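# Results of the structural survey
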Amino acid sequence: MIDYFKELEILKKIKNYRKIMDRLSKQGSRIIIHNRELINFSSNDYLGLSNHPYLIKKVFSAIEKYGYGSSASRLLSGGTILSSKLEKAISKFKNTESALIFNTGYSANTGIIPALTNSETAIFSDELNHASIIDGCRLSKADKFIYIHKDISHLEKLIKDSNKKHKLIVTDSVFSMDGDIAPLKEIFEICKKYEALLYIDDAHATGVIGNGKGSLSHFNIKPEPWIIQMSTFSKALGSYGAFAAGADKIIKWLINTSRSLIYSTTLPPCIVAGNLAAIELISKDISLINKLWENRNKLYLALKNLGFDTMSSQTPIIPIKTGSVENTLKMSNYLYKKGIYAPAIRPPTVKEARIRFTVTSVHNDEDLEILIDALKKL
Ligand SMILES: *Cc1c(COP(=O)(O)O)cnc(C)c1O
């Protein structure tokens, strides 16, 4: 057996030992951890939907009607009429022919990428793509090529050099640790030129950019039959689960071949109801999204004025560069003592250690001022 105790000691020594931090409160701008109230800059609940009364009402009424568990895969009896209703709402929202629900973003990426590719495919993946995309690529029989972050000429060179019959380009649209946005206009042109499929992970884009509709709307790109938009319900939509939206034939192919869909129990109906409510809410009303951006711009500007290196942030994900793992931990501990929760992000999650702030629509001016003041005194 591997000496796990020794391995853990090594992790501690290189300051990469991780601990789970459980809350005693709802998710939100203030959370309780270890019996202390902290201002929370670590959640992905960008619009505060995880506690929105409209979602909660819809969730309760779905439990009353359909019970709690789903108790089977979607291909058996796990789904309800709410599942297909949600898929219709997604395809309307993302402007595609069809859509399909997955259990999580992780299981969507690990189920879809292998299903879309075979041994005659070459996958081209941005080096900063999310771990679930990396794992999805690992499960695929395709050849894999990693291009330098957002580097279109490197991407094109790799594509030109590849002799595979099929091509798939995969990218996060908003990168989860840097908060920057993929150059989708250029990637779109490359896909057209080389007849490649485009797979976009909108986990941090849906509900955030493009008036909430995600990255294609942000860039004013019309959905095409060769574009698959994957996204999650677990970030700005405040809920749980994921989806793929695209051409009908691709969705039908995924229903027939995606292992994480076929061999896994589907989301409970109440979660599906919450997801549906979230889509309805942000389709109708973008005031929460406007508030999110107002807060984001306030914090971003303040950090810039204090001279922090916010790396390449373009979104409510704002990292600040700290130099070393040690500095990052020191800073995170300092903030913790000041009542602010902003965890350290370290290798192997990222190459360069950092503090990563996520700002939401439910932070108020006082929350932001306390953070800015603490950073001033650092
Ligand atoms: C969070 C995230 C996922 C995983 O989604 P879950 O629903 O949390 O499993 C996938 N891709 C990206 C880019 C993410 O940020």
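Small disclaimer: the values here were computed from a predicted structure and weren't measured.

Counting buried residues in strand β6 (residues 166-172) gives 6 out of 7 residues, a clear majority hidden from the surface. In this sheet, β6 lies alongside strand β4 (residues 121-126) in parallel orientation, the contact comprising 5 bridges. When the bridges of β6 are listed, phenylalanine 124 appears paired with isoleucine 169. Where β6 meets strand β7 (residues 197-201), 5 bridges bridge the pair, whose relative direction is parallel. Within the sheet, the bridge partner assigned to isoleucine 169 lies in β7 and is leucine 198. For the crossover from β6 across helix α7 (residues 184-194) to β7, the handedness is right-handed.

Contact geometry for helix α3 (residues 81-94) and helix α11 (residues 269-284): axes closest at 9 Å, N-to-C directions at 25°. Considering their axes alone, α3 and α11 lie roughly parallel with respect to each other. Remark: the crossing between α3 and α11 carries left-handed chirality. Across the interface between the two elements, Leu82, Ser83, Lys85, Leu86, Ala89, Ile90 and Phe93 of α3 pack against Pro269, Val272, Ala273, Asn275, Leu276, Ile279, Ile282 and Ser283 of α11. Here the contact of α3 with α11 is built from residues that sort into 11 nonpolar, 3 polar and 1 charged.

This part covers the side chain of serine 313. Of note, serine 313 is situated in the loop between α12 (287-305) and β10 (317-321). For serine 313, a relative accessible area of 5% corresponds to the buried category. Of the polar contacts made by the side chain of serine 313, one reaches the backbone oxygen of threonine 315; its length is 3.3 Å. Apart from the residues lying within four places of it in its own chain, the contact partners of serine 313 are Asp178, Gly179, Arg296, Tyr300, Ile318 and Pro319.

Counted as a void, the second largest pocket has a volume near 290 Å³. Along the walls of the second largest pocket sit 13 residues, with Leu116, Thr117, Leu197, Ile250 and Trp253 positioned nearest its centre. Only α4 (105-116), β6 and α9 (248-257) provide two or more residues apiece to the lining of the second largest pocket.

Turning our attention to empty space enclosed by the protein. According to the stated counting rule, one finds 2 cavities of 30 Å³ or more in the structure shown. Taken as a whole, the largest cavity spans an internal volume of roughly 40 Å³. Lining the largest cavity are Arg74, Ile101, Phe102, Asn103, Ser260, Leu261, Ser264 and Thr266. Of all the elements in the fold, those that place two or more residues in the lining of the largest cavity are β3 (98-102) and α10 (259-262). Among the residues forming the lining of the largest cavity, the class breakdown is 3 nonpolar, 4 polar and 1 charged.

So, on to helix α5 (residues 131-139). Of the positions making up α5, those classed as buried are Ser132, Ile133, Gly136 and Cys137. Axial view of α5: buried residues confined to an arc of 145°, hence all on one face. Opposite the packed face of α5, turned more than 90 degrees from it, sit the exposed residues Arg138 and Leu139. Packed against the buried residues of α5 are α4, β4, β5 (143-147), β6 and β7.

Once that is clear, we can look at the pattern of salt bridges. Throughout the structure, instances matching the rule amount to 20 salt bridges. A salt bridge links arginine 30 to glutamate 37; its shortest N-O distance comes to 3.3 Å. Given a relative accessible area of 29%, arginine 30 falls into the partly exposed group. A salt bridge links lysine 298 to aspartate 365; its shortest N-O distance comes to 2.7 Å.

A few words on the environment of valine 325. Residue position: valine 325 is located in helix α13 (residues 325-337). Sequence spacing of valine 325 and leucine 168 is 157 residues, and the spatial spacing of their C-alpha atoms is 35 Å. Apart from the residues within four sequence positions on either side, valine 325 is in contact with Ile14, Lys15, Arg346, Pro347 and Ala353.

Here the focus is the site of the ligand. As a matter of local geometry, the ligand sits amid 14 residues, with Gly105, Asp201, His204, Ser234 and Lys235 nearest to it. One nitrogen or oxygen atom from the side chain of lysine 235 is found 2.7 Å from an oxygen atom belonging to the ligand. Look at the ligand: alone it shows 370 Å² of surface, and the protein chains cover 86% of it. Looking at which element gives the most residues to the shell around the ligand, the answer is α4, with 3 residues. Across the shell around the ligand, the residue classes break down as 2 nonpolar, 9 polar and 3 charged.

Across a sheet, strands are paired by hydrogen bonds formed along the backbone, either parallel or antiparallel in direction. Spatially, β1-β2-β11 is the arrangement adopted by the 3 strands of the open sheet, whose pairing is mixed. Of all strands in the sheet, those bounded by a partner on one side alone are β1 (30-33) and β11 (340-341). Where β1 lies against strand β2 (residues 36-40), 4 bridges are found, and the strand directions are antiparallel. Its bridge partner lying in β2, isoleucine 32 is registered against glutamate 37.

Conventions adopted
- Residues numbered from 1 in each chain as written.
- Predicted model: local features only at pLDDT ≥ 70, side-chain atom pairs only at ≥ 80, totals over all residues.
- Heavy atoms only, no water.
- Buried < 20%, exposed > 50% of the residue type's maximum accessible area, 1.4 Å probe, protein only.
- Helix = DSSP H or I, 4+ residues; strand = E, 2+ residues; numbered from the N terminus.
- Pairing = 2+ DSSP bridges.
- Right-handed = clockwise from strand over helix to strand, strands pointing away.
- Axes fitted to C-alpha atoms, helices over the stretch in contact; angles between N-to-C directions.
- Parallel < 35°, antiparallel > 145°, perpendicular 65-115°, else oblique.
- Left-handed = near helix turned anticlockwise from the far one by under 90°.
- Contact = heavy atoms within 4.5 Å.
- Nonpolar A, V, L, I, M, F, W, Y, C, P; charged D, E, K, R; others polar.
- Polar contact = N/O pair within 3.5 Å; in protein donor to acceptor, adjacent residues only side chain to side chain.
- 1 Å grid on protein atoms, 1.4 Å probe; cavity = no way out; pocket = protein on both sides within 12 Å on 5 of 7 lines; lining within 4 Å.
- Points joined across faces, edges and corners; volume = space filled by probe spheres on them.
- Arc of directions from axis to C-beta.
- Salt bridge = Lys/Arg side-chain N within 4 Å of Asp/Glu carboxyl O.
- Near = heavy atom within 4 Å.
- Areas by Shrake-Rupley, 256 points an atom, 1.4 Å probe, with all protein chains shown as cover.

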